[in-house]
Amino acid sequence: MASPLSPVLANMLLDGLQAEIYDRLYPKGHTNYSTGNMIRFMDDIAVTANSKSSAEVIMQIIEEFLAERGLRPNPEKSYIANVFKGFDYLGRHYQRKRGVVEVTPSKASVTEIENNIHYIIENHHGTLRSLIEEVNVELTRWSTPHRTEDSYMTFRDIDVSGWPRSAS
């Protein structure tokens, strides 16, 4: 079981990483965010770069920063992705299409909510009203962080997925 202290410690450990990336990429102090930028949410980070070679340099900086602290990036979660092919980050899928980056719920996130709803429906032993309330709580929990994304079709698909699964 993970301790609530773990994300806090990981977050503290990452303090200084962004400055390290900028200091190494822009030694003269003229920051050019299109060359490389870091987005951080607690102990999760995403780094942008304008080329694969820039991304490789940034990945090396991150590996060295962590190595100095006795750590290394998680090989399952640390990779260089092409925004035109898309990538997942914190339950969202980012992909550049028609000149803009589209943000939608990730497939894994959608599968999780669909499975949760099916579990609630299949294992409920109360009134119809309590079932509806329980499903609504789960839908609200999931949909709130996704409300600012391009989620209309995803929400429609999830609405339909609440129907009982056919026995195969």
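Within each chain, residue numbers correspond to sequence positions counted from 1 in written order. Only residues with pLDDT of at least 70 get local features here, since the model is predicted, and only at 80 or more are side-chain atom pairs given and counted; chain-wide, interface and lining totals rely on the full set of residues. Side-chain numbers come from the whole structure's heavy atoms, not from hydrogens or water.

> I'm lost on helix α2 (residues 17-25) in this one. Help?
Residues three or four positions apart in an α-helix share a direction because the helix packs 3.6 residues into each turn. Each residue's exposure class comes from its accessible area (1.4 Å probe, protein chains only) as a fraction of the maximum for that residue type: buried when under 20%, exposed when over 50%, partly exposed otherwise. Put simply, DSSP H or I for four residues or longer makes a helix, DSSP E for two residues or longer makes a strand, and each gets a number counted from the N terminus. Among the residues of α2, those classed as buried are L17, I21 and Y22. On an axial view of α2, the arc spanned by its buried residues comes to 135 degrees, and they lie on one face. Arc definition: it is the arc formed by the directions from the helix axis to the C-beta atoms.

> For this particular structure, what's the right way to read the packing of helix α4 (residues 107-123) against helix α5 (residues 128-146)?
Helices that pack against each other are described as a pair by the angle of their axes relative to one another and the distance between those axes. Orientation is described by axes fitted as lines to C-alpha atoms, over the contacting stretch for helices, and by angles from 0 to 180 degrees between their N-to-C directions. In the contact formed by α4 and α5, the axes pass within 10 Å of each other and the chain directions differ by 170 degrees. Classed by the angle they form, the pair α4 and α5 counts as roughly antiparallel. Residue-level contacts link S109, V110, E112, I113, N116, I117, I120 and I121 of α4 to L131, E134, V135, E138, L139, R141, W142 and H146 of α5. Each residue gets one of three labels, nonpolar for Ala, Val, Leu, Ile, Met, Phe, Trp, Tyr, Cys and Pro, charged for Asp, Glu, Lys and Arg, and polar for the others, Gly among them. Here the residues of the contact of α4 with α5 sort into 9 nonpolar, 3 polar and 4 charged. These descriptions rest on fixed angle ranges, namely under 35 degrees for roughly parallel, over 145 for roughly antiparallel, 65 to 115 for roughly perpendicular, and the rest for oblique. We call two residues in contact whenever any of their non-hydrogen atoms come within 4.5 Å of each other.

> Explain the side chain of R92 here, please?
Mapped onto the elements, R92 comes out in strand β4 (residues 92-97). In the analysis that follows, any N or O atom pair within 3.5 Å is treated as a polar contact, provided that within protein one partner can donate a hydrogen and the other can accept it, and provided that, for residues neighboring in sequence, both atoms belong to side chains. For R92, the side chain forms a polar contact with the main-chain oxygen of P145, separated by 2.6 Å. Each residue touching R92, except ones within four places of it in the same chain, is listed here: F87, V103, T104, P105, S106, P145, H146 and E149.

> Even after reading the chapter, I still don't get helix α3 (residues 52-67), so can you show me in this structure?
Given a helix with a known number of residues, its expected span is that number minus one, times 1.5 Å. Given a rise of 1.5 Å per residue, 16 residues ought to cover 22 Å, and the 22 Å separating the end C-alpha atoms of α3 matches this to within 8%. Of the residues making up α3, those classed as buried are S54, A55, I58, M59, I61, I62, F65 and L66. The arc that holds the buried residues of α3, viewed along the axis, is 160 degrees, so those residues lie on one side.

> Explain unusual backbone geometry here, please?
Both trends apply: most residues other than glycine have a negative phi, and most peptide bonds are in trans. A positive phi is found at L90, a non-glycine position, where the angle reads about 55 degrees. Note that L90 resides in the loop between β3 (87-89) and β4. We classify L90 as partly exposed; its relative accessible area is 36%. Of note, R98 is a non-glycine position whose phi angle comes to about 50 degrees, a positive value.

> Could you clarify how one ought to interpret the nonpolar core in this entry?
For soluble globular proteins, nonpolar side chains are generally found buried alongside one another. Grouped together as the largest cluster of nonpolar side chains are 11 residues: L14, L17, I21, Y22, Y26, M38, I58, I61, I62, F65 and L66. Within the residue set of this core, elements represented by two or more residues are α2 and α3. Residue contributions to this core peak at 5 residues, all from α3. If sequence neighbours within four positions are ignored, I62 has contacts with L17, I21, I45 and V47. Nonpolar core, defined: a set of buried Ala, Val, Leu, Ile, Met, Phe, Trp, Tyr and Cys residues in which side-chain atoms within 4.5 Å join the residues together.

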